Amino acid sequence: MVASARMNQDRVLDAFRRESGALADVVATLPEERWELPTRCAPWTVRGLLGHICVVIDWLPGMLDAPAPPEAEISAVEYYRPDERFSPQTNGARIDLATSRAARSADGATFAADFAATWQRVDELCRAEPAGRTVRTRHGDPMLLSEFLLTRVVEVAVHGLDLADALGHEPWLTPEAGEAVTELLLGAEQTEAVRALGWSPPHFLRVATGRTPLEGTEAVQVERLGIRWLALG
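As the structure is a prediction and not an experimental result, all values here were calculated from the model.

Looking now at the confidence of the model for the protein. Residue-level pLDDT values for the protein average 90, and 94% of them are 70 or greater. Looking at the elements of the protein, mean pLDDT is at its lowest for helix α9 (residues 191-197), recorded as 77, and at its highest for helix α3 (residues 60-65), recorded as 98. Note on residues 1-5: pLDDT under 50 across the span, and 14 contacts to partners over four residues away in sequence or across chains.

With that settled, the discussion passes to the nonpolar core. Judged by nonpolar contacts, the single largest core of 69 residues is most densely connected at Leu23 and Phe115. When residues of this core are assigned to their parent elements, the largest contribution, 14 residues, is made by helix α7 (residues 145-167). Other than its neighbours up to four places away in sequence, Phe115 contacts Ser20, Leu23, Ala24, Val27, Leu50, Ile53, Cys54 and Ile57.

Turning our attention to the pattern of salt bridges. One pass over the full model with this rule turns up 15 salt bridges. The network of salt bridges with common partners includes Arg40, Asp162, Asp165, Arg206 and Arg211.

Each neighbour pair has its own omega, and for Ala42 with Pro43 the value is 10 degrees, a cis peptide bond. Tracing the chain through its elements places Pro43 in the loop between α1 (9-28) and α2 (46-57).

Note that Trp172 resides in the loop between α7 and α8 (175-186). A relative accessible area of 12% places Trp172 in the buried class. Each C-alpha atom, one on Trp172 and one on Asp25, is 9.9 Å from the other, the two residues being 147 residues apart in sequence. Filtering out sequence-adjacent residues up to four positions away, Trp172 remains in contact with Glu19, Ala22, Leu23, Val26, Gly160, Leu163 and Ala164.

Where α7 contacts α8, the axes come no closer than 10 Å and their chain directions differ by 115 degrees. Read as a crossing pair, α7 and α8 show a hand that is left-handed. Contact residues: α7 offers Leu150, Val153, Val154 and Ala157, while α8 offers Ala177, Ala180, Val181 and Leu184.

On to α8, then. Taking 1.5 Å per residue as the helical rise, α8 with its 12 residues ought to reach 16 Å, and the 16 Å between its terminal C-alpha atoms agrees with that figure. The inward-facing, buried residues of α8 abut α1, α4 (76-79), α7, α9 and α10 (201-208). Looking one or two residues beyond α8, the residue adopting positive phi is Gly187, at roughly 95 degrees.

What counts as what
Residues numbered from 1 in each chain as written. Predicted model: local features only at pLDDT ≥ 70, side-chain atom pairs only at ≥ 80, totals over all residues. Heavy atoms only, no water. pLDDT = per-residue confidence, 0-100. Helix = DSSP H or I, 4+ residues; strand = E, 2+ residues; numbered from the N terminus. Contact = heavy atoms within 4.5 Å. Core = buried A, V, L, I, M, F, W, Y, C linked by side-chain atoms within 4.5 Å. Buried < 20%, exposed > 50% of the residue type's maximum accessible area, 1.4 Å probe, protein only. Salt bridge = Lys/Arg side-chain N within 4 Å of Asp/Glu carboxyl O. Axes fitted to C-alpha atoms, helices over the stretch in contact; angles between N-to-C directions. Left-handed = near helix turned anticlockwise from the far one by under 90°. Expected span 1.5 Å × (residues − 1).

Okay, structure coming up:
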């Protein structure tokens, strides 16, 4: 098993709370017409992409209700392994689920309130769980709750950048989420190397997740520092 850094559950929850809250603040005041802007995550509009974020957060209540597996076998890094979870069939189901979730709300304000209620409920449920709690994902992965929550921080943070770019809005990436995702992508021992690049956290995450291509000088810096990228699929 490829091990990832085992982040403290409280630290991951703090990153989840802050990043989700920042996103909720932005969409709460979004004019109705801007909900239909396209995003880089085609075919989703802003509304559809927020629907996807709601869906992937809302897996957690059911996971917490289900029996806990006896031990964790999959880390957050291994969760992103390229298997059937990134197949065309799974991606099609992912798109349909997000579209259906977005269609549940008649207008943007109602949908923004739905998102706020969704993340706050998940936050409350997770904070009641002990350290070392295990869960089983919908793909069958036995994981520490803290490791699965880290993948949810990735979803909210990286898709938050997608939404910011679609809206022409300054990124709202929080330091807590930026640090957590960077550590997942590179390992705790390489976070100092990222600081040495001098990139902003949003730029780093865009590059690291393939949203922004490396320029010539950036590629040289990355090679010199020995940064290894995690493919998120």
